[in-house]
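Architecture and fold: a report
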Amino acid sequence: MLLKILGRGWLVASFGFLLAPILVVVGASFTSGSLLTFPPEGFSFRWYQEIVGDEKWMAGLTTSLNLAFVSALGSTAAATAAALGIRRLRRGGTATGFLLTLPLAVPKVAVGLALLGLVVAFALNGTMSGLMTAHLIITMPYAFVAVSAGVAQLDRFQEEASRTLGAGPVRTFVMVTLPQLAPGIAAAFLFSTIVSFQEVSVTLFLVGPGTNTLPVRMFSHILDSADPAVASISALVVIATYVLLALFVVVTRRREAAGRKGVAL
Amino acid sequence: MSSIRISRACRSYGSVQAVNDVTLDIHDGEFFTLLGPSGCGKTTLLRSIAGLERLDSGRIVVGDQDLARVPVHRRPLGMVFQNLALFPHMNVDQNVAYGLRARGVSRAESRARTADALDMVALGGLGRRQVAELSGGQQQRVALARALVTEPRVLLLDEPLSALDLQLRQQMQVELKRLQQRVGTTFVFVTHDQDEAMAMSDRIAVMNGGRVEQVGTPDELYQRPASRFVADFVGDSNLLDGVADAQNGKPTLVGAGLSACLPRSVPPGQQVTLCVRPESISVDAAAPDHDCRVRGLVTASVYRGSSVRLFVASEADFEFLVDVATAHGGVPVGSTVELSWRSRDSWAVTENVPSDDGMALH
């Protein structure tokens, strides 16, 4: 009994530790004062109105969403192709997979510097194409890990069964392989989007005047001012991300539950 | 008429000859089984027929079509997989209709044929169910319906019953055999279970180390095994290894610490294995025509319902398996008995030297 209470307490404390900074930001965003403080002075939506009305923030948001969508689409497609390709390798599959996830272990600053060199070499510095290329490369390992988990679950015999039933390779892929890979592909897209959307350190090297992303704008904003606008934006981004993740969990849970119910019957 | 003709098929993986110079003729409408221990090449051979594996050399002809350049999805075959490989994201109807739709059959016609196929396997009305909601036996039948609905020339089955428990497996064996007789499709069935093979097959090819050891009806394999391996693998038997000799003008085997009459003449000096089935041996009941006799000590006795299996050690320490009818009465463990049999109830196997009496490999 005591152990159970202690365990519960530990759990609550852990989550508290993880979530406290976020609560501070969200709390601070409702201040009515003009300085970033906690606890907030009074309560108002002043800073939310401020950011919504500000062209600078909205442009940043548009840039970030575009960037996240396009790079997530690209990296998910590439990761899916890579994971399926690796499955077909006779040997070296594990090594190739490891290689694809290796960028996760490289310091972001080094990646940023390297990508800057690359982007400059192709005269893409400061352009949206350059940023998209960079984000595609950054998000690819995340997408790859997510899709690989799905690919590992695929049953080779189902694809063979499809072939023996008269379906060619394309029909087999569309009707049998892809539907079973859907949750993994969705997860890959979701993670890529989130990673791209909140990426700062690499992006800092690559943005130009017309391509400032939202997080980069936030970063430069707090460098020279202390108003709570950044807190309001952060709060919005955090909430949007959590809603997205929660939706994903609910949907996959429902799929799993449907599967389990079937087996039990 | 032959349904499948396999000639000189070879396939190796590295240094392992998985399929080694196999030639087979499978007849139209036949229930044909590839039987052998794991790793004998039976599954590789089956998958080569389906086109899921490539042969290094050799030909496979179905009907009058050489399959060498025909891709998997254009072959006139159906296949049932070991794990069934039903599509979990489709319901029963969609699973069964899959092959029809893939082959361009119209929606209306495929609906009707799907319903017929499900009726055929006694699953009528369950089309809307999810695959996961069905029992193991029902899933088995969905896999059969799915493979048969396209009316393939040949149905390939890769140990589809191995995941079932014994009782259900025996029930499915009978169902499968009945189904095959009703639809008249050629079945090529792969199994390592000799009981299963014997129960269902019209003919069986026994495979070992990538080669076909013998092709024959279950009765031929049991009564007249072509090799020591077949005699050992198909059914229980007492295998006495020795050298042929002639004593008192009669062909005799000398070895295993005894000399026993051979059922046919074998050139003296030749290696020979005498195969005596446990039910051919009498205990302490030698009739005048029992020309083979040996004394032994009963070391164990196992009750098996209609019969009792005795383990009898001869003086040379060869362990005989003997089945006696339960009605015969018990034989106490530790007693000394006389075993006897008619040489014509036994079978002599001379390895690698085909003779004229049923020994020739297919």
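These numbers were taken from a predicted model, which means no experiment stands behind them. Residue numbering note: each chain is counted from 1, following its sequence as written. Both sets of labels track the order of writing: A upward for chains, 1 upward for ligands. This being a predicted model, a pLDDT of at least 70 is required before a residue's local features are given, and a value of 80 or more before pairs of side-chain atoms are given or counted; all residues contribute to the totals for chains, interfaces and linings. Only hydrogens and water are set aside; all other atoms, that is, all heavy atoms of the structure, feed into the side-chain values.

So, the interface of chain B and chain A
Keep this limit in mind: The contact definition used throughout considers only heavy atoms, calling two residues in contact when any of these lie within 4.5 Å. A 1.4 Å probe defines the accessible area here, and the buried area is the portion of it lost by two parts on being joined, summed over both. For this analysis, a salt bridge means a side-chain nitrogen from Lys or Arg found within 4 Å of a carboxyl oxygen belonging to Asp or Glu. We call two N or O atoms a polar contact when they sit within 3.5 Å, provided that within protein one can donate a hydrogen and the other can accept it, with sequence-adjacent residues counted only if both atoms are side-chain atoms. The way it works is that DSSP assigns letters per residue, a run of H or I at least four long becomes a helix, a run of E at least two long becomes a strand, and they are numbered from the N terminus. Here the term charged refers only to Asp, Glu, Lys and Arg, the term nonpolar to Ala, Val, Leu, Ile, Met, Phe, Trp, Tyr, Cys and Pro, and the term polar to all other amino acids, Gly among them.
Facing 23 residues of chain B, the contacting portion of chain A comprises 24 residues. If you sort the residues of chain B by the area they bury against chain A, His73, His89 and Tyr98 of chain B come out on top, with a joint share of 27%. Between Glu160 of chain A and Arg47 of chain B there is a salt bridge, with the nearest N and O atoms lying 2.6 Å from each other. Summed over the shared surface of chain B and chain A, the result is 7 residue pairs in polar contact (both at pLDDT 80 or more). Those elements that provide at least two residues to the side of chain B that touches chain A are strand 6 (77-80), helix 2 (92-102) and helix 4 (136-148) of chain B. At 4 residues, the largest contribution of residues to the side of chain B that touches chain A is made by helix 2 of chain B. Among the residues forming the side of chain B that touches chain A, the class breakdown is 14 nonpolar, 4 polar and 5 charged.

Quick look at the pattern of salt bridges
By the definition in use, this model includes 25 salt bridges over all chains. Overlapping salt bridges, with partners in common, bring together Arg156 and Glu160 of chain A together with Arg11, Arg47, Glu53 and Asp56 of chain B in one network.

Comments concerning helix 5 (residues 108-121) of chain A
Residue and element names in this part refer to chain A. Short version of the rule: A helix is expected to span 1.5 Å multiplied by its residue count minus one. Residue exposure (1.4 Å probe, protein chains only): buried if accessible area is under 20% of the type maximum, exposed if over 50%, otherwise partly exposed. For this quantity, the arc is that covered by the directions from the helix axis to the C-beta atoms.
The end-to-end C-alpha distance of helix 5 is 20 Å, a good match for the 20 Å that 14 residues give at a rise of 1.5 Å each. Taken together, the buried positions of helix 5 are Val111, Gly112, Leu115 and Val119. Each buried residue of helix 5 sits inside an arc of 100° when the element is viewed along its axis, so together they form one side. Set apart from the buried face of helix 5 by more than 90 degrees, the exposed residues are Val109, Leu113, Ala114 and Ala121. Against the buried residues of helix 5 lie helix 6 (128-153) and helix 9 (203-206). Downstream of helix 5 by a residue or two, Ala123 has a phi angle that is positive, lying close to 55°.

As for the sheet that holds strand 9 (residues 203-208) of chain B
Residues and elements named next belong to chain B. What counts here: Strands are treated as partners if at least two bridges between them are detected by DSSP. To obtain an axis, a line is fitted to C-alpha atoms, over the contacting stretch when the element is a helix, and the angle between two such axes runs from 0 to 180 degrees between their N-to-C directions.
Here we have 6 strands laid out as an open sheet, ordered 6-7-8-3-9-10, and mixed in their pairing. Looking along the sheet, the strands with just one partner apiece sit at the ends: strand 6 and strand 10 (211-216). Averaged over all adjacent pairs, the angle separating strand axes in this sheet is 20°, with direction ignored. As judged from the 4 bridges shared by strand 6 and strand 7 (residues 154-158), these two strands associate in the parallel manner. Bridge pairing in strand 7 links Val80 to Leu157. Helix-sheet contacts for helix 1 (residues 42-50) involve strand 3 (31-35), strand 6, strand 7, strand 8 (186-191) and strand 9, and the interaxial angle to strand 7 is about 145°. Contacting strand 3, strand 7 and strand 8, helix 5 (residues 166-183) runs over the sheet at an angle of about 155° to strand 8.

Concerning the packing of helix 8 (residues 169-198) of chain A against helix 2 of chain B
For any two helices packed against each other, one specifies the crossing angle of their axes together with the interaxial distance. Rule in force here: Orientation labels follow simple angle bins: below 35 degrees gives roughly parallel, above 145 gives roughly antiparallel, 65 to 115 gives roughly perpendicular, and whatever is left gives oblique. The crossing is said to be left-handed when, going from far helix to near helix, the turn is anticlockwise and less than a right angle, and right-handed when the turn is clockwise.
At a closest axis distance of 12 Å, the pairing of helix 8 of chain A and helix 2 of chain B adopts a crossing angle of 155°. In terms of orientation, helix 8 of chain A and helix 2 of chain B fall into the roughly antiparallel class. For the pair helix 8 of chain A and helix 2 of chain B, the crossing hand works out as right-handed. Contacts between helix 8 of chain A and helix 2 of chain B pair Arg171, Thr172, Met175 and Val176 of chain A from the former with Tyr98, Arg101 and Ala102 of chain B from the latter. Looking at the contact of helix 8 of chain A with helix 2 of chain B, its residues break down into 4 nonpolar, 1 polar and 2 charged.

Some words on a nonpolar patch on the surface
Rule in force here: A patch consists of residues exposed above 30% relative accessible area that lack any salt bridge, with like charges linked at up to 9 Å and nonpolar side chains (Val, Leu, Ile, Met, Phe, Trp, Tyr) linked at up to 5 Å. Only the protein chains shown count as cover for residues, and all accessible areas are computed by the Shrake-Rupley method using a 1.4 Å probe.
Together, Leu11, Phe15, Phe17, Leu18, Leu19, Leu23 and Tyr242 of chain A line one region of the surface with nonpolar side chains, adding up to about 790 Å² of accessible area. For the nonpolar patch, the element with the highest residue contribution is helix 1 (residues 2-29) of chain A, accounting for 6 residues.

Topic: the domain arrangement of chain B
You'll often see interface size given as the accessible area lost when the parts meet. Residue and element names in this part refer to chain B. Rules: In this document the domain limits rely on a domain assignment from an automatic tool or a database.
We note that the domain assignment places domain 1 (2-228) and domain 2 (236-349) within chain B. The straight-line distance from the C-alpha centre of domain 1 to that of domain 2 is 39 Å. Counting residues at the interface gives 8 residues for domain 1 and 9 residues for domain 2. With both chains or domains summed, domain 1 and domain 2 bury close to 730 Å², and 51% of this area falls on carbon and sulfur atoms. Taken as a group, Tyr222, Pro225 and Arg228 account for 76% of the area that domain 1 buries against domain 2, more than any other trio of residues on that side. Counting the contacts that link domain 1 with domain 2 gives 4 residue pairs in polar contact (both at pLDDT 80 or more). Per-element accounting of the side of domain 1 that touches domain 2 gives the leading share, 3 residues, to helix 7 (residues 218-223). Among the residues making up the side of domain 1 that touches domain 2, the classes are represented as 4 nonpolar, 2 polar and 2 charged.

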